[in-house]
Amino acid sequence: MPLFETEYEEKLYNDRLASLEKIRALGTEKLGLSPAEAVYPNGFPFTATLAELRQQGEPRSAEELEASPVTGAVAGRLVAIRGGFAVLQQGGSRLQIYVHKDAVGPDLMELYKALHIGDHIGVRGSLMRTRTGELTLKVQAPEGQQALVFLAKAMLALPDKYHGLEDVEQRYRQRYVDLIMNSGLQVAEEGEEAPRNVREVFVKRAAVLRAIRQFFDERGYLEVETPMLHSILGGATARPFNTHHNALDIPLYLRIAPELFLKRLVVGGFDRVYEINRNFRNEGVSTRHNPEFTMLEFYQAYANYHDLMNLTEELIGFVAEKVNGSTLTHFNGQEIDLGKWTKLSMREAILKWWPSEAGAAPTMEEFDIPGKPANWAAQLRGAGYKFEFKPGDSDGKLIASVFETVAEEHLIQPTIIYDFPLAVSPLSKIKPDEPEWTERFEFYIGGFEVGNAFSELNDPADQQRRFEDQVREKERGDEEAMSEVDEDYVRALGYGLPPTGGEGIGIDRLVMLLTGSRSIRDVILFPLMRPQGKGKEEQKEHGESAE
């Protein structure tokens, strides 16, 4: 066992160790089991899950169950013991059991009395109803079978209450306890908020992934897998995690995006591809950012960003209906309709939400005047807005930062923001009539970005120039910019990438919205945490990666 957190925990452990030895002795001396079978048997031949057995018994009255018995063998974790009554929990369901000496015999009754809350057991018996009408499994086995089987000991005691609000950080560190205690089956005490159904969040997360696959499979997309170890960064601007391949003796990066590999596949003739992928970005931690996260990326040949706007609205509505049965969801106290969308250009959004305390708002014509965005940045800083930029930042970068500062928090209902500056869109096609702007959109829900899409750049010479610009930005001190040109990707474009639309959607953030979870850590089973004893977890400010 690891070091105990408290002396009391060590005492409980020793008490349960003594109980385990008692169970071993009972098994070997009275039940005819080997020492291993007595305390850690290799399995239990159950005939139904708790949910299945409940389903068989729920429609029947006490008289019907007596006249036509429903029998079964089930297994689960003990979560309550009250005399001869106990409660088993398994697979998100609970069932009361009743153990009586006359039905199980003295040896198994002695075994039952040695059990603790948290232990796993298997039981055989028939369903009945108590005087209060509660469906209950009366433990009693046919001749030749053991009615009560010990399966595993919980050597550490479960907490009396585990609402999560008491120690949120511990919930993330010990997700296994969080899942046991916050399974949606607990009843809140009077005056208390019901415990959060953590289990349901991750059941819904799995449903989100199934719905996404169904949506794209039905539309002729092919699901693919691309490398997670990259020799050259690409597909986004982000600070990477570095590693090294010993056999090849080369430095590598954990991928920040699969984009360049997916577009190579489009060049190769896979016109519609998608990947649900793990990405890694060595950036800050916040309620919306985890260094390891899940993305959906998809690409469609002979399409552009307008096509993907329509596809995005269909996708989000489809997933919401599949997972929640409705396009309505609740997030941060707001009701959000995922079936109703608004579209604004980035320039329109800045004008719409320009704060009056920052002085005169920009005009549409001023977006094309060099130096104007720096003036707007100064106005915002003067009005008390946190606005940071480096000397030499381009007008395009400043415009994107102004948008994030003044507009992003207002984008609660589903909103598509389109047409981004070229300076923050190194992989996007420019607008034919506005060379400083690109055919790119992001969509926002709940006040943050959920997805990013654009008409893909397919001119190899232009792509070469933009990669070289990224390298210069890296040399200028931008840690998120590319450090070298991906010559092989430029060569791939030389074989001809058709007009293509591509998009990336944050799965973790989408699950947050569909489950009403306020932190990204609530929707990741095992979020990255600072080792215990190294200080309190910090929520650091984090800028969005450009692509």
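Overview of the structure. (Residues numbered from 1 in each chain as written. Predicted model: local features only at pLDDT ≥ 70, side-chain atom pairs only at ≥ 80, totals over all residues. Heavy atoms only, no water.)

### Remarks on the nonpolar core
Next, step 1: Judged by nonpolar contacts, the single largest core of 45 residues is most densely connected at Phe 216, Leu 296, Phe 298, Val 319, Phe 443 and Ile 445.
Next, step 2: When near neighbours in sequence (up to four residues on either side) are disregarded, Leu 296 contacts Ile 212, Phe 216, Tyr 274, Glu 275, Ile 276, Asn 277, Leu 315, Glu 503, Gly 504, Ile 505 and Ile 507.
Next, step 3: By size, the runner-up hydrophobic cluster in this structure holds 35 residues, among which are Val 74, Met 109, Leu 137 and Ala 147. (Core = buried A, V, L, I, M, F, W, Y, C linked by side-chain atoms within 4.5 Å. Buried < 20%, exposed > 50% of the residue type's maximum accessible area, 1.4 Å probe, protein only. Contact = heavy atoms within 4.5 Å.)

### Observations concerning helix α15 (residues 460-475)
Within an α-helix, residues lying three or four positions from one another point in the same direction, as the helix has 3.6 residues per turn.
Next, step 1: Across its 16 residues, α15 extends 23 Å between first and last C-alpha, which sits within 8% of the 22 Å expected from 1.5 Å per residue.
Next, step 2: Asp 462, Gln 463, Gln 464, Arg 466, Phe 467, Gln 470 and Val 471 are the residues of α15 that are buried.
Next, step 3: Lining the buried residues of α15 we find α10 (259-267), β17 (430-431) and α16 (487-494).
Next, step 4: One side-chain oxygen of the residue at the start of α15 lies 3.0 Å from the amide nitrogen of Ala 461, identifying that residue as Asp 459.
Next, step 5: Just downstream of α15, Gly 477 is the residue with a positive phi angle, here 115 degrees. (Helix = DSSP H or I, 4+ residues; strand = E, 2+ residues; numbered from the N terminus. Expected span 1.5 Å × (residues − 1). Polar contact = N/O pair within 3.5 Å; in protein donor to acceptor, adjacent residues only side chain to side chain.)

### Here's the deal with the environment of Pro 227
Next, step 1: Topologically, Pro 227 is positioned in the loop between β7 (222-223) and β8 (229-230).
Next, step 2: Considered as a pair, Pro 227 and Leu 254 are 27 residues apart in the sequence and their alpha carbons are 9.2 Å apart.

### Focus on the side chain of Thr 226
Next, step 1: You can see Thr 226 is positioned in the loop between β7 and β8.
Next, step 2: Judged by its relative accessible area of 11%, Thr 226 is buried.
Next, step 3: Here Glu 275 takes part through its side chain, which lies 2.6 Å from a polar atom of the side chain of Thr 226.

### Considerations on the packing of aromatic side chains
Both the distance between ring centres and the angle between the ring planes are used here to describe each pair of aromatic rings.
Next, step 1: For the structure shown, the criterion picks out 14 aromatic pairs.
Next, step 2: Centroid distance Phe 467 to Tyr 489: 6.2 Å. Interplanar angle 55 degrees. Geometry classified as tilted. Of this pair, Phe 467 sits in helix α15 while Tyr 489 is found in helix α16, placing the two residues 22 residues apart along the sequence.
Next, step 3: You can call Phe 467 buried: its relative accessible area is 1%.
Next, step 4: With relative accessibility at 1%, the residue Tyr 489 sits in the buried group.
Next, step 5: Taken together through their ring pairs, the aromatic side chains of Phe 215, Phe 216, Tyr 221, Tyr 274, Phe 298 and Phe 318 make up a single cluster.
Next, step 6: Its guanidinium or amino end placed over the ring of Phe 215, Arg 219 lies 3.6 Å from that ring's centre, counting from NZ or CZ.
Next, step 7: The positively charged end of Arg 347 is found above the aromatic ring belonging to Trp 437, 3.9 Å away from the centroid. (Phe/Tyr/Trp six-rings, centres within 6.5 Å; stacked < 30°, edge-to-face > 60°. Lys NZ or Arg CZ within 6 Å of the ring centre and 35° of its normal.)

### Describing the side chain of Gln 470
Next, step 1: With respect to the helices and strands, the residue Gln 470 is situated in helix α15.
Next, step 2: Judged by relative accessible area, Gln 470 falls into the buried class, the value being 9%.
Next, step 3: Discounting chain neighbours no more than four positions away, the residues touching Gln 470 are Thr 237, Pro 426, Ala 481 and Met 482.

So far we have only geometry, and geometry alone does not tell us how the molecule works.
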